[in-house]
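A look at the structure
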Amino acid sequence: MPERPEIVCICGSARFAAEMRAANRDLTFAGVIVVAPGEADGPVTDEQKTVLDALHLSKIDLADRVLVVNPGGYVGESTSREIAHAQAAGKPVSFTDPV
């Protein structure tokens, strides 16, 4: 029985949704299970943001490693918190662009 595929959690600013979708596609075609941030079609309430943020930390917990999509080296406040969570859990963290 083969081992399960690697699980990668994508993190990044919502402004990079297209880039995160591209990373998701590339990883998926490489045989990786991808967990990514939830997406909304419009503005979210503060309550919804709180739920999404907590859910994403749980996604990080499920993953073997984290890929931060950070065009131009940008890492915002929420993504910084996610990186800290991943590092505290001993998850390897890599970036698409130098920070």
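All figures in this text were calculated on a predicted structure; none of them were measured in a lab. (Residues numbered from 1 in each chain as written. Predicted model: local features only at pLDDT ≥ 70, side-chain atom pairs only at ≥ 80, totals over all residues. Heavy atoms only, no water.)

**Topic: the overall build of the protein**
- Within the protein, the regular secondary structure consists of three helices and four strands.
- Taken from N to C terminus, the helices and strands of the protein fall in the order β-α-β-α-β-α-β.
- A globule of 99 residues ought to have a C-alpha radius of gyration of about 13 Å, and the protein, at 13 Å, matches this closely.
- Burial analysis of the protein (99 residues in total) assigns 30% to the buried set.
- Look at the contacts in the protein between residues 6 or more apart in sequence, and 75% of them connect residues 24 or more apart.
- Just so you have it, the protein exposes about 6200 Å², and 57% of that area is on carbon and sulfur atoms.
- Counting 9 positive and 14 negative side-chain charges, the protein places the centres of these two groups 2 Å from one another. (Helix = DSSP H or I, 4+ residues; strand = E, 2+ residues; numbered from the N terminus. Rg over C-alpha atoms; globule rule 2.2 N^0.38 Å. Buried < 20%, exposed > 50% of the residue type's maximum accessible area, 1.4 Å probe, protein only. Contact = heavy atoms within 4.5 Å. Areas by Shrake-Rupley, 256 points an atom, 1.4 Å probe, with all protein chains shown as cover. Lys, Arg positive; Asp, Glu negative; His and termini not counted. Charge placed at Lys NZ, Arg CZ, Asp CG, Glu CD.)

**What about the sheet that holds strand β1 (residues 7-12)?**
- Judged by pairing direction, the sheet is parallel, and its four strands sit side by side in the order β2-β1-β3-β4 without closing on themselves. This sheet does not close on itself; its edge strands, each paired only once, are β2 (33-35) and β4 (93-95). The sheet shows a mean angle of 30° between the axes of neighbouring strands, direction not considered.
- Pairing geometry for β1 and β2, over three bridges, is parallel. (Pairing = 2+ DSSP bridges. Axes fitted to C-alpha atoms, helices over the stretch in contact; angles between N-to-C directions.)

**Some points on the packing of helix α2 (residues 46-62) against helix α3 (residues 77-88)**
- Packing of α2 against α3 leaves a shortest axis separation of 10 Å and a crossing angle of 30°. Crossing of α2 against α3: the hand is right-handed. When α2 is examined against α3, the residues K49, D53, H56, L57, I60 and D61 are found in contact with a partner set consisting of S78, R81, E82, H85 and A86.
- Here the residues of the contact of α2 with α3 sort into three nonpolar, three polar and five charged. (Left-handed = near helix turned anticlockwise from the far one by under 90°. Nonpolar A, V, L, I, M, F, W, Y, C, P; charged D, E, K, R; others polar.)

**Structural notes on the pattern of salt bridges**
- Scanning all chains against the criterion turns up seven salt bridges.
- Between D26 and R25 there is a salt bridge whose closest N-O contact spans 3.1 Å.
- Classification of D26 as partly exposed rests on a relative accessible area of 46%.
- Overall, the relative accessible area of 44% leaves R25 in the partly exposed class.
- Of the charged contacts in the structure, one is a salt bridge between D53 and K49, with a shortest N-O distance of 3.0 Å. (Salt bridge = Lys/Arg side-chain N within 4 Å of Asp/Glu carboxyl O.)

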